[in-house]
Each structure stands twice: as structure tokens, then as C-alpha cells.
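This is what each chain is made of:
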Amino acid sequence: DNSSEMYESSAGYNWANESLTVSAWGKLESGGTIKDIVHFGYRFQLGITANDKAYVSIENPIGVFTVLTGTTTLQVGDFYMITGVYTYIGDGTSKLDLYLNAAQDAAQLTNVPAIQAGNNLFYIGYNGNIAHFDGIIDEVAVWRNNPLTQDEIEILYAARDVPPPIISKDIL
């Protein structure tokens, strides 16, 4: 029952006017539905589309979503390291990047608006409503005000455990 295998923060976070990098390992157990890995109250999402491709999404101050979808179709049963990088620049030229196993999986989006302000709960494994992740999520990491470079993401990927360790949800 994947609905019980998730995490919800007890405090809210505001990511407006900040850069943000989110990375996590994921292993699909089924395909064909939207699956959220990390979700910050719709302001920032990292997940897998219904077409089994990685995606990163932000919501701007007027409620419009910018979505960057990868090109690689993920296979059920394989582990992937998915990393979304939002680089806040402040003059309307912010950037959004998506990496799969440390390789860029979609062309960088530029001229991305700021993330909408708001006190948002932090979810792992679902979005607070639907889009439960059917599979394993591990090694979730968030860097606030630190947009990682591809070289830094490659170092993280090279340092991985193979396969990633499985940590009980009870430890959270």
C-alpha cells in the first residue's frame, strides 16, 4: 500500500526568491501514472510523468506552472537518480534544469519566473492529495539557495551506494 509509505513535514517552508536543488533516488514498481517524489505544495515538484519520464515543475507568483520533462523513458524495476535545479536570478532570467543519473535529461529552460511565495508543506512520496509514488524513494536531499552544477551532481552520483540503501520509513 504505497499510500502509507510517504513523509509529510509538520512545518511549512517558503521557497520564494531562492535557488533550490532537489535530488532523490527512485525505483518504479509500476508505470503509467503521475508519481511525485518530492513536492513543496505545488511550488516545486520533482517526479515522474504518466509517460514514465522524470520532470521538475515550479509554480510562479500568478499560479502558472513551468514544467520541464525529461526525454528518457524510465523502466520499472530500475533505480534512477533524479535531480531538479532551480537557479533564481531575480531579473526574470532564472533557470530550470533536470538531470537523470547525473546527465542532463532535458534542455535547460531559461527566463523562468520566480517560485510563488507561500508557506508550503514538504512531502516525499506524494503531493498531499494524489500522485502517490509506487516504488522506492531513497537519499532525498534538498539544497536551499545552492543550485548544484552538473559537476557537483556527477560527484553525488559517483558516490552512490549500489543499490541505494533502503531506509525504513520509521526512521523519518
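Keep in mind it's a predicted model, so treat the numbers as computed, not measured.

1. Some thoughts on the overall build of the protein chain
Looking only at helices and strands, the protein chain features one helix and 12 strands. Moving toward the C terminus, one meets the helices and strands of the protein chain in the order β-β-β-β-β-β-β-β-β-β-β-β-α. Burial analysis of the protein chain (172 residues in total) assigns 43% to the buried set. Sequence separation of 24 or more characterises 64% of the internal contacts of the protein chain that already satisfy a separation of 6 or more.

2. A word on the pattern of salt bridges
This structure, assessed with the given rule, holds two salt bridges. Where E18 meets R144, a salt bridge forms, and the shortest distance between an N and an O atom there is 2.5 Å. Highlighted residues: E18 in the loop between β1 (7–8) and β2 (20–28) and R144 in strand β12 (residues 135–144), separated in sequence by 126 residues. Relative accessible area serves as the criterion here: at 14%, E18 is assigned to the buried category. What makes R144 partly exposed here is its relative accessible area of 41%. K35 is the salt-bridge partner of D52, the closest N and O atoms lying 3.5 Å from each other. Of this pair, D52 sits in the loop between β4 (44–48) and β5 (53–59) while K35 sits in strand β3 (residues 35–40), and the two are 17 residues apart along the sequence.

3. Focus on the nonpolar core
Formed by 28 residues in total, the largest nonpolar core has its most connected members in F40, F44, L46, I82 and L98. For this core, the elements supplying multiple residues, two or more each, are β2, β3, β4, β5, β7 (79–87), β8 (94–100) and β11 (122–124). Broken down by element, the residue count for this core peaks at four residues, all from β2. Those residues in contact with F44 that sit more than four places away from it in its chain are L20, V22, V38, H39, V56, S57, I58, G84, Y86 and I115.

4. Here we look at the pairing of β4
Each regular strand displays side chains that alternate between the two surfaces of the sheet. Across the five residues that make up β4, a large majority, five, are buried. Judged from the five bridges that link them, β3 and β4 form a sheet pairing that is antiparallel. The partner of K35 across the bridge, within β4, is I48. Strand direction decides the pairing type here: β4 and β5, joined by five bridges, are antiparallel. Opposite F44, over in β5, you have I58 as the bridge partner. Between β4 and β5, which pair antiparallel and follow one another directly, the connecting turn spans four residues, one of which, D52, has a positive phi of 65°.

5. Comments concerning the pairing of β8
Within β8, six of the seven residues are buried, which leaves the element mostly enclosed by the surrounding structure. Across six bridges, the pairing between β7 and β8 is antiparallel. Counterpart to T83 in the pairing with β8 is Y99. Adjacent in sequence and paired antiparallel, β7 and β8 are bridged by six residues, among which G90 carries a positive phi angle near 100°. Counting the residues that bridge the hairpin from β8 to strand β9 (residues 103–104) gives two residues, and of these N101 lies at a positive phi of roughly 50°.

6. Structural notes on the environment of V85
Among the structural elements, V85 can be located in strand β7. Given the relative accessible area of 1%, V85 is considered buried. Sequence separation between V85 and S23 is 62 residues, and the spatial gap between their C-alpha atoms is 8.6 Å. Apart from residues lying up to four places away in sequence, V85 is in contact with L20, T21, K95, L96, D97, Y99, P147, L148 and I153.

Analysis parameters
- Residues numbered from 1 in each chain as written.
- Predicted model: local features only at pLDDT ≥ 70, side-chain atom pairs only at ≥ 80, totals over all residues.
- Heavy atoms only, no water.
- Helix = DSSP H or I, 4+ residues; strand = E, 2+ residues; numbered from the N terminus.
- Buried < 20%, exposed > 50% of the residue type's maximum accessible area, 1.4 Å probe, protein only.
- Contact = heavy atoms within 4.5 Å.
- Salt bridge = Lys/Arg side-chain N within 4 Å of Asp/Glu carboxyl O.
- Core = buried A, V, L, I, M, F, W, Y, C linked by side-chain atoms within 4.5 Å.
- Pairing = 2+ DSSP bridges.

Just distances and angles here, no functional claims.
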